[in-house]
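Each chain, written out:
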Amino acid sequence: MNWDDESAYDSTPADDRVVGAAADGEDQAVEAALRPKDLGEFVGQERVRQQLDLVLRAARARGATADHVLLSGAPGLGKTTLSMIIAAEMGAPIRITSGPAIQHAGDLAAILSSLTEGEVLFLDEIHRMSRPAEEMLYMAMEDFRVDVVVGKGPGATAIPLELPPFTLVGATTRAGLLPPPLRDRFGFTGHMEFYAPAELERVVKRSAGLLDVTIEDAGAAEIAGRSRGTPRIANRLLRRVRDYAQVKADGLITREIAAQALEVYEVDARGLDRLDRAVLTALVKLFGGGPVGLSTLAVAVGEERETVEEVAEPFLVREGLLARTPRGRIATPAAWEHLGMVPPQVAGGAGRAGEGGAGQSSLFAE
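Parameters at a glance
- The written sequence of each chain sets the order in which its residues are numbered from 1.
- Since the coordinates come from a predicted model, pLDDT governs what is reported: local features require at least 70, and pairs of side-chain atoms require 80 or more to be given and counted, while whole-chain, interface and lining totals use all residues.
- To get the side-chain values, take all heavy atoms of the structure and skip hydrogens and water.
- In DSSP terms, a helix is any run of H or I states spanning at least four residues, a strand is any run of E spanning at least two, and both are numbered starting from the N terminus.
- One less than the residue count of a helix, multiplied by 1.5 Å, gives the span that helix is expected to have.
- Between buried and exposed lies partly exposed: a residue is buried under 20% and exposed over 50% of the maximum accessible area for its type, with that area taken using a 1.4 Å probe on protein chains only.
- Basic side-chain nitrogens of Lys or Arg form a salt bridge, by our definition, when they fall within 4 Å of a carboxyl oxygen of Asp or Glu.
- Strands are labelled as partners when DSSP assigns at least two bridges between them.
- To define axes, lines are fitted to C-alpha atoms, for helices over the stretch in contact only, and angles between the resulting N-to-C directions are given on a 0 to 180 degree scale.
- Any angle that is under 35 degrees is reported as roughly parallel, and any over 145 degrees as roughly antiparallel; angles of 65 to 115 degrees are reported as roughly perpendicular and all others as oblique.
- Should any heavy atoms of two residues lie within 4.5 Å, those residues are counted as being in contact.
- Three classes are used, and their members are as follows: Ala, Val, Leu, Ile, Met, Phe, Trp, Tyr, Cys and Pro are nonpolar, Asp, Glu, Lys and Arg are charged, and the others, Gly among them, are polar.

**Considering helix α9 (residues 231-248)**
Note that an α-helix has 3.6 residues per turn; residues three or four places apart therefore point the same way.
Working step 1: For α9, spanning 18 residues, the distance from its first C-alpha to its last is 25 Å, which sits close to the expected 26 Å at 1.5 Å a residue.
Working step 2: Counting buried residues along α9, 14 of its 18 residues qualify, which places the element largely inside the surrounding structure.

Have a look at this one:
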């Protein structure tokens, strides 16, 4: 099972849905017991795992600290887990902090000056670190030295402070926000991809064993198929299905039990929940498939604009159910099919998709 808790520091609207990638207190408590301890246990991310294995093996053979590592990707894919594995593989302690927690250069200097040789510093949401601290980090990563400024004004003095060699592991959900000078100082950069259903099935089976849950292969496949390519969501759904199986059945998770449980939690066969389906339904039934402006669509589903844009839309776009255009949002043929409806252009002269809704496409497009 692989996941991390970087989304706890993200600035996007709260996503506390059962299919949300953010980690709440319950998730974090359970995750600590389920995390894999080495690269051999880590499921998925084959390319990143193999490349990282070479980096760590070579560093151990040289008797040196590993290169600085930058891990990017969506929340819940395993960035924090990999950082802990890096420390374990190198036999080094790990220090965990986050970008939002470092608002001043002095905060970073205090952390860096207390590191021991070979220690791993995990900096979550590194793109949200303050600019003064970021500039201090340049020298620390490259020369293992920081300049601590003592005093103010003309009498200020910069005192160089030597640092022991250490490995920085940075994690970010928005790699594009990192300035090039910072990205260039990482020796290894790995991008975390969403998981295939077969990989998530392995994650579910492994977690079920650790949680002492009896599950059939078909039940694991059913949960994996609704997990939106994210291990954290897969494990959360597994716990909810486990609860249902204990209360409504004999504790054994079959395909039928998994499907019934996830229907209770409003997660359909494709991983869409109430909010996702509300957006698609409004787009199709109220606006004839679009295009329709984001603000109007948000009003139609009774949510904030930011919630629709940053919580619901990314998955719908990735699944090919919704498209963003200069004129507004439109529903794809796959969205009509998922809702059990026929697109207008197929319905025998009903017109082009996006021309329904009494001409509302032109009124509400943005």
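**Focus: the pattern of salt bridges**
Working step 1: Throughout the structure, instances matching the rule amount to 19 salt bridges.
Working step 2: Note that R60 is salt-bridged to E89, the shortest N-O span being 3.5 Å. Of this pair, R60 sits in helix α2 (residues 46-62) while E89 sits in helix α3 (residues 79-90), and the two are 29 residues apart along the sequence.
Working step 3: With a relative accessible area of 36%, R60 lands in the partly exposed category.
Working step 4: Across the pair E119 and R95 runs a salt bridge whose closest N-O atoms are separated by 3.2 Å. Here R95 lies in strand β2 (residues 94-98) and E119 lies in the loop between α4 (105-113) and β3 (120-124), a separation of 24 residues in the sequence.
Working step 5: By relative accessible area, which is 4% here, E119 ends up buried.
Working step 6: For R95, a relative accessible area of 27% corresponds to the partly exposed category.
Working step 7: Each of E201, K205 and D217 takes part in one network of salt bridges that share partners.

**Things to note about the pairing of β2**
Working step 1: As paired elements, β2 and β3 share five bridges and run parallel to each other. Following the sheet pairing, I96 is matched in β3 by F122.

**Brief notes about the sheet that holds β3**
Working step 1: As summarised here, the arrangement of the five strands in space is β2-β3-β6-β1-β7, forming an open sheet in which the pairing is parallel. Since the sheet does not close on itself, it has two edges, and those belong to β2 and β7 (188-191), each with one partner. Across the sheet, the mean angle separating the axes of adjacent strands is 15° when strand polarity is ignored.

**What about the packing of helix α12 (residues 294-301) against helix α13 (residues 305-318)?**
Working step 1: Between α12 and α13, the shortest axis-to-axis distance is 8 Å and the interhelical angle comes to 90°. Relative to α13, α12 is oriented roughly perpendicular. Of the residues in α13, those touching α12 at L294, S295, L297, A298 and V301 are R305, V308, E309 and E313.
Working step 2: The residue inventory of the contact of α12 with α13, partitioned by class, reads five nonpolar, one polar and three charged.

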